[in-house]
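The primary structure of each chain is shown beneath.
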Amino acid sequence: MRTLSGYISVAFSPDGRLLASGSSWDKTIKLWEVATGQLVRTLRGHAWPVTSVAFSPDGRLLASGSEDHTIKLWEVATGREVRTLSGHSGSVYSVAFSPDGRLLASDSCGQRNGFLCTQGEIKLWEVATGQEVRTLSGHTWSVTSVAFNPDGRLLASGSWDGTIKLWEVATGQEVRTLSGHSGEVWSVAFSPDGRLLASRSLDGTIKLWDISDLVGR
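Only a predicted model underlies this, so the values are computations on that prediction, with no experimental measurement involved.

**Describing the overall build of the chain**
The helix and strand tally for the chain stands at zero helices and 19 strands. The globule rule puts the C-alpha radius of gyration for 217 residues at 17 Å, and the 17 Å found for the chain is close to it. Within the chain, buried positions represent 48% of all 217 residues. Looking at charge distribution, the chain has the averaged site of its 21 positive side-chain charges lying 4 Å from that of its 22 negative ones.

Shown next as structure tokens:
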């Protein structure tokens, strides 16, 4: 067993050979060789703590979200920064690639009343160009987790408002709101067949939701 300290987000590469970790204290991303635990390289560029990391489906790119309100795309083979995605007005808590690798989803707070977030937001980006495709709004507090379903047609978002929302990726339309948690939702994940959605909340529970009626829509 190997221990890595000081990191708040981790992700395996699709082939399982690399592990990426985002740091809360030195604002870096590190790539590690899983078999040996050796550090491969360190990626520097964010001005504030790195909160989330995700590999593209082909393993060539790594996305990182940060409290500096940006997302960065990195070339895994070289560590070169490909581009910075700017547009959020708050910390980026989660990033996720679509299954085909063409889109990247990120989340944050979209509107504030003083220090209080009054509307969360999700942004969809075109990976090849870095252009913003659309913004999804509907949560009444910060969005903290996003995940694409296996066929890439739906996006799930979890929020501090205690709800999970399902969105149609092609149109940005809200499909459904799942309510039941009594605390902030911090994580969402689809089952491999897309028929179930799991959510984790600060209320101390994990809920499984049957969304099988949406499969294939």
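Moving on, there is more to tell.
**Description of the nonpolar core**
By size, the foremost hydrophobic cluster in this structure holds 13 residues, and its most contacted members are Ile164, Leu166, Val188, Phe190 and Leu197. Elements that contribute at least two residues to this core include exactly strand 14 (154-159), strand 15 (163-168) and strand 17 (185-190). Looking at which element gives the most residues to this core, the answer is strand 17, with three residues. The residues contacting Val188, other than those within four sequence positions of it, are Ser145, Val146, Ala147, Ala156, Ser157, Gly158, Ile164, Leu197, Ala198 and Ser199.

**A closer look at the pairing of strand 18 (residues 196-201)**
Side chains of strand 18 alternate between two faces, with Leu197, Ser199 and Ser201 buried and Leu196, Ala198 and Arg200 left unburied. Adjacent in sequence and paired antiparallel, strand 17 and strand 18 are bridged by five residues, among which Gly194 carries a positive phi angle near 75°. Sheet topology places strand 18 next to strand 19 (residues 206-210); five bridges connect them, and they run antiparallel. Among the inter-strand pairings, Ala198 is bridged to a residue of strand 19, identified as Leu208. Between strand 18 and the antiparallel strand that follows it, strand 19, lie four residues; Gly204 among them carries a positive phi value of about 90°.

**Section: unusual backbone geometry**
For Lys27, which is not glycine, the phi dihedral falls at a positive 65°. By the secondary structure assignment, Lys27 is in the loop between strand 2 (18-23) and strand 3 (28-33). Unlike most non-glycine residues, His69 shows phi in positive territory, near 80°. Relative to the assigned elements, His69 resides in the loop between strand 6 (61-66) and strand 7 (70-75). Judged by relative accessible area, which is 30%, His69 ranks as partly exposed.

**Details of the packing of aromatic side chains**
On inspection of all chains with the given rule, the structure shows four aromatic pairs. Ring centres of Tyr93 and Trp160 lie 5.8 Å apart, and the angle between their planes is 45°; this geometry places the pair in the tilted category. Of this pair, Tyr93 sits in the loop between strand 8 (81-86) and strand 9 (95-97) while Trp160 sits in the loop between strand 14 and strand 15, and the two are 67 residues apart along the sequence. By relative accessible area, which is 23% here, Tyr93 ends up partly exposed.

**So, the side chain of Ser52**
Turning to its location among the elements, Ser52 is positioned in strand 5 (residues 50-55). Excluding anything up to four places from it in sequence, Ser52 contacts Ser9, Ala63, Ser64, Gly65, Val92, Tyr93, Ser94 and Val95.

**A look at the environment of His69**
Considering only alpha carbons, one finds His69 and His181, 112 residues apart in sequence, at a separation of 27 Å. With near-sequence residues (within four places) excluded, His69 lies in contact with His88, Ser89, Gly90, Ser91 and Val92.

**Overview of the sheet that holds strand 13 (residues 143-148)**
The pairing of strands in a sheet comes from backbone hydrogen bonds and takes either a parallel or an antiparallel form. Pairing within the open sheet is antiparallel, and its four strands lie in the order 13-14-15-16. Whereas interior strands pair on both sides, the edge strands pair on one side only; in this sheet they are strand 13 and strand 16 (174-179). Within this sheet the neighbouring strands show an average axis-to-axis angle of 20°, counted without direction.

**Some points on the sheet that holds strand 9**
Pairing within the open sheet is antiparallel, and its four strands lie in the order 9-10-11-12. Because the sheet does not close on itself, it has two edges, and the strands there are strand 9 and strand 12 (132-137). Going across the sheet, the axis of each strand differs from the next one's by a mean of 25°, ignoring polarity. Where strand 11 (residues 116-126) lies against strand 12, five bridges are found, and the strand directions are antiparallel. Across the sheet, residue Ile122 finds its bridge partner in strand 12, namely Leu136.

Criteria and cut-off values
Residues numbered from 1 in each chain as written. Predicted model: local features only at pLDDT ≥ 70, side-chain atom pairs only at ≥ 80, totals over all residues. Heavy atoms only, no water. Helix = DSSP H or I, 4+ residues; strand = E, 2+ residues; numbered from the N terminus. Rg over C-alpha atoms; globule rule 2.2 N^0.38 Å. Buried < 20%, exposed > 50% of the residue type's maximum accessible area, 1.4 Å probe, protein only. Lys, Arg positive; Asp, Glu negative; His and termini not counted. Charge placed at Lys NZ, Arg CZ, Asp CG, Glu CD. Core = buried A, V, L, I, M, F, W, Y, C linked by side-chain atoms within 4.5 Å. Contact = heavy atoms within 4.5 Å. Pairing = 2+ DSSP bridges. Phe/Tyr/Trp six-rings, centres within 6.5 Å; stacked < 30°, edge-to-face > 60°. Axes fitted to C-alpha atoms, helices over the stretch in contact; angles between N-to-C directions.

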